[in-house]
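One letter stands for each residue in the lines below.
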Amino acid sequence: MAGIALAYFGLTSAAFAFAGWAVAGPLAIGLLAAHTMSDTKQRAKPFYSQSGWAVPTYWVVLAVAFIGVGLCSWLIADWAARL
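Note that the structure is predicted; figures quoted are calculated from it, not measured.

Asker: Explanation requested: helix α3 (residues 54-81) in the structure shown.
Answerer: Given 3.6 residues to a turn, an α-helix orients residues that are three or four positions apart in the same direction. Taking 1.5 Å as the rise per residue, α3 with 28 residues should run 40 Å; its terminal C-alpha atoms sit 40 Å apart, in good agreement. Where α3 is buried, its residues contact α1 (2-9) and α2 (14-43).

And the structure:
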């Protein structure tokens, strides 16, 4: 969500678009990777009960990150084309 918000401000400043891309891209994917590693460790334990909200939340976060990266990338490309 922060990447999308920064993309909104990126309409007037390329710096916001670059910051939004960094937040929505590598940072969000890194956090999802950390969640996946933690979940894998939990699955290896003898007793594992997955929360009902974990899977849908994972996919929603991935979709929002994808939208943020796409929007920020479009703004960066538009900025670069106008140079």
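Asker: Is there a simple way to think about the nonpolar core in this case?
Answerer: Burial of nonpolar side chains together is a common tendency in soluble globular proteins. A7, A17, C72, L75 and I76 form the largest nonpolar core, which has five residues in total. Sort the elements by how many residues they give to this core and α3 lands first, with three residues.

Asker: Teacher, can you tell me more about the packing of α2 against α3 here?
Answerer: The axes of two packed helices give the description: the angle between them and the distance between them. At a minimum axis separation of 8 Å, α2 and α3 run at an interaxial angle of 155°. It follows that α2 is roughly antiparallel to α3 by the angle criterion. The two elements α2 and α3 meet at a crossing, and its hand is left-handed. Seen from α2, the contacting residues are A14, A17, F18, G20, W21, A24, G25, A28, I29, L32, H35 and T36; seen from α3, they are Y58, V61, L62, A65, G68, V69, C72, S73, L75, I76 and W79.

Asker: Would you mind going over a nonpolar patch on the surface with me for this structure?
Answerer: Taken together, the side chains of Y8, F9, L11, F16, L71 and W74 define a hydrophobic patch exposed on the protein surface, amounting to about 680 Å² of accessible area. Mapped onto the nonpolar patch, the elements with two or more residues apiece are α1 and α3. By the secondary structure assignment, F9 is in helix α1. The class of F9 is partly exposed, set by a relative accessible area of 45%.

Cut-off values and rules
For every chain, the first residue of the written sequence is number 1, and numbering continues from 1 onward in sequence order. Reporting in this predicted model follows two pLDDT cut-offs: at least 70 for local features of residues, and 80 or more for side-chain atom pairs to be given and counted; totals over whole chains, interfaces and linings ignore these cut-offs and use all residues. Hydrogens and water molecules were not included; the side-chain quantities draw on all heavy atoms of the structure. Helix numbering and strand numbering both begin at the N terminus, where a helix is a DSSP run of H or I of at least 4 residues and a strand a DSSP run of E of at least 2. A helix's residues, less one, multiplied by 1.5 Å, set its expected span. We call two residues contacting when some pair of their heavy atoms lies within 4.5 Å. Nine residue types can take part in a nonpolar core, namely buried Ala, Val, Leu, Ile, Met, Phe, Trp, Tyr and Cys, and a core is a set of them joined through side-chain atoms within 4.5 Å. Exposure is judged per residue with a 1.4 Å probe applied to protein chains only, and the accessible area is read against the type maximum: over 50% gives exposed, under 20% gives buried, and values in between give partly exposed. To get an axis, a line is fitted to the C-alpha atoms, and for a helix only the part in contact is used. The angle between two axes follows their N-to-C directions and goes from 0 to 180 degrees. Working rule for angles: under 35 degrees goes down as roughly parallel, over 145 as roughly antiparallel, 65 to 115 as roughly perpendicular, anything else as oblique. Should the near helix be turned anticlockwise from the far one by less than a right angle, the crossing is left-handed, and should it be turned clockwise, the crossing is right-handed. Residues enter patches when their relative accessible area tops 30% and they take part in no salt bridge; the joining distance is 9 Å for like charges and 5 Å for the nonpolar side chains Val, Leu, Ile, Met, Phe, Trp and Tyr. Here the accessible surface of atoms and residues is derived via Shrake-Rupley with a 1.4 Å probe, and residues count as covered only by protein chains that are part of the display. Salt bridges are identified by distance alone: a Lys or Arg side-chain nitrogen within 4 Å of an Asp or Glu carboxyl oxygen.

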